[in-house]
Amino acid sequence: MTAAPRTTDHPLPPLDLPGDGDWLTWVSERCEGHLAEATRLVEELKAGGPGAGAAEVLATWNRAETAIANASSVSVWSEVHPDAAVRDRADELGQDVQRFVTELGLDRDLYAVLAGLDAAEVEALDDDARRVLDHALRDFRRAGVDRRPVRDDAVVMLMAAG
């Protein structure tokens with residue numbers, strides 16, 4: 001038996017490609033716009049809000065992750081676009097997305113939001129939502145975000161010794 005297709009409260013609009021238009025501007029605006037949206041959503045998560053329950057937090061996290069995925073999608077143009085300027089710009093933007101993802105994966109405040117969700121509310125989530133949360137927390141732990149931060153002076157000493 002096949003599962004029913006899933007729906008979302010936030011359907012994505014069809015991708016409106018520029019055709020013969022200005023690809024360089026389109027690639028830049030698409031990536032930068034989605035990165036700005038992801039940044040806004042992450043800041044919204046970290047700011048918290050009265051009554052932000054587990055389901056709401058994960059819905060916002062999902063929208064942020066979708067914005068990041070949309071931003072990173074421009075990297076395909078770094079490989080396939082016939083115009084070298086578009087390829088170069090898409091490559092630069094892809095690196096910006098990777099930097100953002102790396103910084104996000106080390107964000108202790110964001111980890112604290114996700115790790116601090118009410119256990120009863122987490123238990124009440126559906127299996128898919130709990131899996132998303134479990135994987136996000138796993139990724140933070142793999143990056144060491146759950147550990148005590150290293151003091152800056154200790155890092156400087158180690159770098160000087162190396």
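Everything here concerns the structure above.
Everything numeric here is computed off the predicted structure, so don't read it as measured data.

Enquirer: Explain the overall build of the protein here, please?
Expert: Regarding its fold elements, the protein presents 8 helices and 0 strands. Going residue by residue from the N terminus, the α and β elements of the protein occur as α-α-α-α-α-α-α-α. By residue count, 30% of the 162 residues in the protein fall in the buried class. Roughly 10,800 Å² of accessible area belongs to the protein as shown, and the carbon and sulfur atoms make up 54% of that amount.

Enquirer: Even after reading the chapter, I still don't get the packing of aromatic side chains, so can you show me in this structure?
Expert: Any two aromatic rings considered together are summarised by their centre-to-centre distance and by the angle between their planes. One pass over the structure, following the stated rule, counts 4 aromatic pairs. With a centroid separation of 6.2 Å and 80° between ring planes, the pair formed by Trp26 and Trp77 is classed as edge-to-face. Separated by 51 residues along the polypeptide, Trp26 in helix α1 (residues 23-47) and Trp77 in helix α3 (residues 77-80) bring together distant segments of the chain. We note that Trp26, like Trp77, is buried. An aromatic cluster is present here, built from Trp23, Trp26 and Trp77 joined pairwise through their rings.

Enquirer: Is there a simple way to think about the packing of α1 against helix α2 (residues 54-72) in this case?
Expert: The angle between the axes and the distance between the axes are what describe a pair of packed helices. Across the interface, α1 lies against α2 with an axial gap of 8 Å and an inter-helix angle of 160°. Considering the angle they form, α1 stands roughly antiparallel to α2. For the pair α1 and α2, the sense of crossing is left-handed. For the pair formed by α1 and α2, the contact residues are Arg30, Cys31, His34, Leu35, Glu37, Ala38, Leu41, Val42, Glu44 and Leu45 on the first element and Val57, Thr60, Trp61, Arg63, Ala64, Ala67, Ile68, Asn70 and Ala71 on the second. In terms of residue class, the contact of α1 with α2 is built from 12 nonpolar, 3 polar and 4 charged.

Enquirer: Explain α1 here, please?
Expert: Think of an α-helix as turning once every 3.6 residues; residues three or four places apart then point the same way. Taking 1.5 Å per residue as the helical rise, α1 with its 25 residues ought to reach 36 Å, and the 36 Å between its terminal C-alpha atoms agrees with that figure. Burial in α1 covers these residues: Trp23, Trp26, Val27, Ser28, Arg30, Cys31, Leu35, Ala38, Leu41, Val42 and Leu45. Structurally, α1 contributes buried residues whose contacts are with α2, α3, α4 (84-105) and α5 (108-115). At the N-terminal boundary of α1, the capping side chain belongs to Asp22, with an oxygen 3.3 Å from the backbone nitrogen of Leu24. Two residues or fewer after α1 comes Gly48, characterised by a positive phi angle close to 65°.

Enquirer: Would you mind showing me how to read the layout of surface pockets here?
Expert: Rolled over the atoms, a probe sized like a water molecule indicates the empty space that remains. For the second largest pocket, the calculated volume is near 260 Å³. Lining of the second largest pocket is provided by 13 residues; of these, Trp61, Glu65, Leu104, Gly105 and Asp139 occupy positions nearest its centre. In terms of residues, the lining of the second largest pocket owes the most to one element, helix α7 (residues 127-142), which gives 5 residues. Looking at the lining of the second largest pocket residue by residue, the class counts come to 9 nonpolar, 2 polar and 2 charged.

Enquirer: How should I be thinking about α2 in this particular structure?
Expert: With 19 residues, α2 ought to run about 27 Å at 1.5 Å a step, and its terminal C-alpha atoms sit 27 Å apart, in line with that. Listing the buried residues of α2 in full gives Ala54, Val57, Leu58, Thr60, Trp61, Ala64, Ala67, Ile68, Asn70 and Ala71. At its buried positions, α2 is contacted by α1, α4, α5, α6 (119-124) and α7.

Calculation rules
- Residues numbered from 1 in each chain as written.
- Predicted model: local features only at pLDDT ≥ 70, side-chain atom pairs only at ≥ 80, totals over all residues.
- Heavy atoms only, no water.
- Helix = DSSP H or I, 4+ residues; strand = E, 2+ residues; numbered from the N terminus.
- Buried < 20%, exposed > 50% of the residue type's maximum accessible area, 1.4 Å probe, protein only.
- Areas by Shrake-Rupley, 256 points an atom, 1.4 Å probe, with all protein chains shown as cover.
- Phe/Tyr/Trp six-rings, centres within 6.5 Å; stacked < 30°, edge-to-face > 60°.
- Axes fitted to C-alpha atoms, helices over the stretch in contact; angles between N-to-C directions.
- Parallel < 35°, antiparallel > 145°, perpendicular 65-115°, else oblique.
- Left-handed = near helix turned anticlockwise from the far one by under 90°.
- Contact = heavy atoms within 4.5 Å.
- Nonpolar A, V, L, I, M, F, W, Y, C, P; charged D, E, K, R; others polar.
- Expected span 1.5 Å × (residues − 1).
- Polar contact = N/O pair within 3.5 Å; in protein donor to acceptor, adjacent residues only side chain to side chain.
- 1 Å grid on protein atoms, 1.4 Å probe; cavity = no way out; pocket = protein on both sides within 12 Å on 5 of 7 lines; lining within 4 Å.
- Points joined across faces, edges and corners; volume = space filled by probe spheres on them.

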